[in-house]
Amino acid sequence: MHRIPSHILALLLLASCATISVADDAAPDDASWVASARRAVVYIRRTAPRFPASHGSGFLIDSAGLVYTNRHVVTARHGEQPGAKLWVGVPSKQHPDDLDYFPAVVWHLPTDDRSLDFAILKIKAGSDYGRFPTLTLNDARLRLGERGSAMGYPFVSEGLPVLSFNKGYISSTRVRIG
């Protein structure tokens, strides 16, 4: 299990492509750490009859299948869409570029504040699959200018989600959405 500073949540809430952030002190220069951490970064696809699919990223926070993501990834932009389904692609245990897909349900969606772009999903694997890899949050304060990294699936190319990893600096600590 990997510990990730609390600014992961802040960046998750701010990122339009639902990437996640990890601290530089978590050794993102270390290719083996990135290879391990990426196994808990998931691709999320929302489908509904007569509507184009939407997608985003999230990360597993619980080995039983809880996923943190953005509200805009799991909800329809223009109201309810009958028959909508959520699918979560988890990097395969055999090869992390291949994804194993699991149906998802919305576990928690804040109802009192639509500006909070946050949601929790729940996925469940069969007993033969085993437990999911996870990333965990800690309570470190987010600091402006602190180094960080982002990992997620910001787009789909030729029908396949593309994993991206970038490094940079925390450029904002308080942003009101909406």
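The structure under discussion appears in the preceding block.
Residues numbered from 1 in each chain as written. Predicted model: local features only at pLDDT ≥ 70, side-chain atom pairs only at ≥ 80, totals over all residues. Heavy atoms only, no water.

**A short note on the overall build of the protein chain**
Across its full length, the protein chain carries three helices and 11 strands. Along the protein chain, from the amino end to the carboxyl end, the secondary structure elements read β-α-β-α-β-β-β-α-β-β-β-β-β-β. In the protein chain, once contacts between residues fewer than 6 apart in sequence are set aside, the share between residues at least 24 apart is 64%. Total accessible area on the protein chain is roughly 9800 Å²; 53% of this is exposed by carbon and sulfur atoms. (Helix = DSSP H or I, 4+ residues; strand = E, 2+ residues; numbered from the N terminus. Contact = heavy atoms within 4.5 Å. Areas by Shrake-Rupley, 256 points an atom, 1.4 Å probe, with all protein chains shown as cover.)

**Things to note about the packing of aromatic side chains**
Here the structure, examined in full by the defined rule, presents seven aromatic pairs. Both rings, one in Tyr 129 and one in Phe 132, keep their centres 5.6 Å apart while their planes meet at 45 degrees; by these two values the pair is tilted. With respect to class, Tyr 129 is no different from Phe 132; both count as buried. Site record: aromatic cluster; members linked through ring pairs are Tyr 43, Tyr 101 and Tyr 153. (Phe/Tyr/Trp six-rings, centres within 6.5 Å; stacked < 30°, edge-to-face > 60°. Buried < 20%, exposed > 50% of the residue type's maximum accessible area, 1.4 Å probe, protein only.)

**What about the pattern of salt bridges?**
What the rule picks out here adds up to one salt bridge. Where Asp 97 meets Arg 38, a salt bridge forms, and the shortest distance between an N and an O atom there is 2.6 Å. One end of the pair, Asp 97, is in the loop between strand 6 (85-91) and strand 7 (99-108); the other, Arg 38, is in the loop between helix 2 (31-37) and strand 3 (41-48), with 59 residues separating them in the sequence. (Salt bridge = Lys/Arg side-chain N within 4 Å of Asp/Glu carboxyl O.)

**Details of the environment of Ile 61**
In this fold, Ile 61 is placed in the loop between strand 4 (51-60) and strand 5 (66-69). The class for Ile 61 is partly exposed, based on a relative accessible area of 22%. Between the alpha carbons of Ile 61 and Val 41 there is a distance of 9.7 Å; along the sequence they are 20 residues apart. Apart from the residues within four sequence positions on either side, Ile 61 is in contact with Leu 66, Tyr 68, Thr 134 and Leu 135.

**Structural notes on the pairing of strand 8 (residues 119-123)**
Taking burial as the measure, the five residues of strand 8 include five buried ones, the bulk of the element. Of the two faces of strand 8, the one carrying Ala 119, Leu 121 and Ile 123 and the one carrying Ile 120 and Lys 122 are both buried. As defined by bridge partners, strand 5 adjoins strand 8 across four bridges and the pair is classed as antiparallel. Across the sheet, residue Tyr 68 finds its bridge partner in strand 8, namely Ile 120. As paired elements, strand 7 and strand 8 share four bridges and run antiparallel to each other. Bridge pairing in strand 8 links Val 106 to Leu 121. (Pairing = 2+ DSSP bridges.)

**Overview of the nonpolar core**
Across soluble globular proteins, you tend to see nonpolar side chains buried next to one another. Formed by 32 residues in total, the largest nonpolar core has its most connected members in Ile 44, Leu 60, Val 88, Val 90, Leu 121, Ile 123 and Phe 132. Non-local contacts of Phe 132, meaning those with residues more than four positions away in its chain, are made with Leu 60, Asp 62, Ser 63, Ala 64, Gly 65, Val 90, Phe 102, Ile 123 and Ala 125. (Core = buried A, V, L, I, M, F, W, Y, C linked by side-chain atoms within 4.5 Å.)

Function cannot be inferred from these measures alone, as they are strictly geometric.
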